[in-house]
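Coordinate inspection notes
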Amino acid sequence: MTSSSTKVIPAVNADRNQWRWGFTPQAEIWNGRFAMLGFVAALLTEYLSGQGVLHFYNIMNTITNTTIPTP
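Please read these numbers as outputs of a predicted model, since none were measured by experiment.

**Points about the overall build of the protein**
Assigned secondary structure in the protein consists of 3 helices and 0 strands. Across the protein, helices and strands are ordered from the amino to the carboxyl terminus as α-α-α. A burial count over the protein gives 3% of its 71 residues as buried. When the accessible surface of the protein is split by element, carbon and sulfur atoms take 64% of a total near 7000 Å².

**Focus on helix H1 (residues 25-49)**
The end-to-end C-alpha distance of H1 is 36 Å, a good match for the 36 Å that 25 residues give at a rise of 1.5 Å each. Note on H1: the residue one or two positions beyond its end, glycine 50, has a positive phi of about 80 degrees.

**A short note on the packing of aromatic side chains**
Two measures describe an aromatic ring pair: the distance that separates the ring centres and the angle between the ring planes. Applying the stated criterion across every chain, the model contains 2 aromatic pairs. With 5.1 Å between their ring centres and 80 degrees between their planes, phenylalanine 56 and tyrosine 57 make a pair best called edge-to-face. Residue class for phenylalanine 56 comes out partly exposed when judged on its relative accessible area of 40%. Lying over the aromatic face of tryptophan 30, arginine 33 brings its terminal NZ or CZ to 5.0 Å of the ring centre.

Rules of the game
- Residues numbered from 1 in each chain as written.
- Predicted model: local features only at pLDDT ≥ 70, side-chain atom pairs only at ≥ 80, totals over all residues.
- Heavy atoms only, no water.
- Helix = DSSP H or I, 4+ residues; strand = E, 2+ residues; numbered from the N terminus.
- Buried < 20%, exposed > 50% of the residue type's maximum accessible area, 1.4 Å probe, protein only.
- Areas by Shrake-Rupley, 256 points an atom, 1.4 Å probe, with all protein chains shown as cover.
- Expected span 1.5 Å × (residues − 1).
- Phe/Tyr/Trp six-rings, centres within 6.5 Å; stacked < 30°, edge-to-face > 60°.
- Lys NZ or Arg CZ within 6 Å of the ring centre and 35° of its normal.

Structural data, given as structure tokens:
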């Protein structure tokens, strides 16, 4: 048996973490990273303030206390 030594060369020699504009695989990676940061920020807000994010920013209170005027 003979072994052939073939070298695999990547089609694109780009860094996966490099910032690129447009609809690229790198954009999906960055989107996931920012989503994780936002989720952790929401958890920390709830933990430190003792209330949900919508209540913290007084959005939920505004929605629930809004009355619809009758004609």
